[in-house]
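# Fold and contact review
Take a look at the letters that make up each chain.
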Amino acid sequence: MKHAKTYKDVTKRFYRPEIRKCLECQKPIKRVVTLSQRTVVTLYEVIKVIHGGYRCRNPKCSAQGRTYRSAEADALALPGFTFGLDIVLLVGKLHLGKHQTLDEVHETISERLAPLGVSISRREVLYLFDAFSAILRATSDLKEDKEWLSLVDKNGGIIVSIDGIQPDQGNETIYIVRDALTGRLLTADNATESSTERIKQILAPIRELSVSVLGTISDAQKAEIKALSQLWPNVPHQTCHFHALRDAGELGTGGGSQSKKEIRKQLQPKARSVRKQIKGQMELASEAEAGQLAILDTYALGIQAVLNQDGVAPFEYAGIDAYNALDDITSSLERIKKKDICKPSV
């Protein structure tokens, strides 16, 4: 029997809709259902996602049956996928953009996930590339999707959510557009520049659907907000709470991020060198020595994981968290040294 995967470090998060009041009667919406409860692996962390669905509880409201979702939760991963959307996009970029082979993409993704203690199979990478291809085709079947159009009719329209994701460092951004009420992927496009006009081009297929737009959601990017307000000037707009909090805490977290960069600059080359040395010694080590080297490799891997973790503005500070975690690792190593756990047996 196949067992569910377990992960060492998991962050538990509850997601609720970005829209807090019913768009029809302006009454507060209430949680009525759990839409999903699953684990999502991103490039930076493993998240236990609890996605709450909210509805208007006003008995006189015409939109009582409309369920509001979290656009942020839907943006983490495609339905039914454990690996996050950022990983899917990185797989596509490496394969199509950088012309890497499947084995090269597998190696790159495995290296990126190693600090999290997460492994990925070659077959899974192939599935993720298929998912990337499906994302690029998302717009083509919108008008023929009768089941989705029926839900749109039931909801009285759609809420357009746009999110720009950079799967890797660089100038290219992949914009993902969804219906925040059904979670349906509406369109996706790659952009090398994020002007208002470019974003309006990406949103053009949504305009062509001729469905009612009840509201819009975006991050705090000015070009996105301007494009949405020009295309749908008379509908309410909501900034994603995560992005708003991140921008609000930028001054406070900027110093923490800089501190983490300095720590990473000093320690990352050393951690890689140590792991390389351990790997070489493993081949010649006795069984007892191999066990001791494995312990040291776990510590080195832990250091790498710490150096790759980011803070979440404005509540978590990357530099402080990295310093505290490395201090814990130091204390643990000191305890091992006192107990002579890694002292070779004679």
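Refer to the structure above for everything that follows.
Nothing here was measured: the structure is a model prediction, and the numbers come from that model. (Residues numbered from 1 in each chain as written. Predicted model: local features only at pLDDT ≥ 70, side-chain atom pairs only at ≥ 80, totals over all residues. Heavy atoms only, no water.)

### A look at a nonpolar patch on the surface
Rules: The residues that make up patches have over 30% relative accessible area and no salt bridge, and they are joined within 9 Å when like-charged or within 5 Å when they are Val, Leu, Ile, Met, Phe, Trp or Tyr. All accessibility values rest on the Shrake-Rupley procedure with a 1.4 Å probe; residue burial counts only the protein chains present in the view. Salt-bridge detection follows one rule: a side-chain nitrogen of Lys or Arg within 4 Å of a carboxyl oxygen of Asp or Glu. What counts as a helix is a DSSP run of H or I of at least four residues, what counts as a strand is a run of E of at least two, and both are numbered from the N terminus.
Together, V32, V33 and L35 give the surface a local cluster of nonpolar side chains, amounting to about 170 Å² of exposed area. Looking at where V32 falls in the secondary structure, it is placed in strand β2 (residues 29–41).

### Notes on the packing of aromatic side chains
Heads up, the condition is: For Phe, Tyr and Trp, where Trp contributes only its six-membered ring, two rings pair if their centres lie within 6.5 Å, and the inter-plane angle classes them as stacked under 30 degrees, edge-to-face over 60, or tilted in between. Two conditions define a charge sitting above a ring: the NZ of Lys or the CZ of Arg must be within 6 Å of the ring centre, and it must be within 35 degrees of the ring normal.
Considering all chains together, one arrives at one aromatic pair under this definition. Seen from the ring of Y54, R16 lies directly overhead, with NZ or CZ sitting 4.4 Å from the centre. Residue placement shows R184 over the ring face of W148; its charged tip is 5.8 Å from the ring centre.

### Some words on the sheet that holds strand β1 (residues 11–15)
What links the strands of a sheet is backbone hydrogen bonding, and the strands pair in either a parallel or an antiparallel sense. Rules: The pairing criterion is simple: DSSP has to find at least two bridges between the two strands. Working convention: axes come from line fits to C-alpha atoms, limited for helices to the stretch in contact. Angles between N-to-C directions cover 0 to 180 degrees.
Strand order across the open sheet formed by three strands is β1-β3-β2, with mixed pairing between neighbours. Looking at which strands have only one partner, the edges of the open sheet turn out to be β1 and β2. Across this sheet, the average inter-strand angle for adjacent strands is 15°, counted without regard to direction. Summarising the sheet, β1 and strand β3 (residues 46–56) pair through five bridges and their orientation is parallel. Within β3, the residue paired with F14 across the bridge is I50.

### Overview of the packing of helix α2 (residues 85–97) against helix α4 (residues 122–136)
Inclusion rule: An angle below 35 degrees is treated as roughly parallel, one above 145 as roughly antiparallel, one from 65 to 115 as roughly perpendicular, and anything else as oblique. A contact between two residues is defined here by any heavy atoms of the two lying within 4.5 Å. For this scheme, ten residues count as nonpolar: Ala, Val, Leu, Ile, Met, Phe, Trp, Tyr, Cys and Pro. Four count as charged, namely Asp, Glu, Lys and Arg, and the remainder, Gly too, count as polar.
Where α2 contacts α4, the two axes come as close as 8 Å, and the packing angle between them is 90°. In terms of their interaxial angle, α2 and α4 are classed as roughly perpendicular. Residues L85, I87, V88, L89, V91, G92, H95 and L96 of α2 form the contact with α4, whose participating residues are V125, L128, F129, A131, F132 and I135. Class assignment for the residues of the contact of α2 with α4 results in twelve nonpolar, two polar and no charged.

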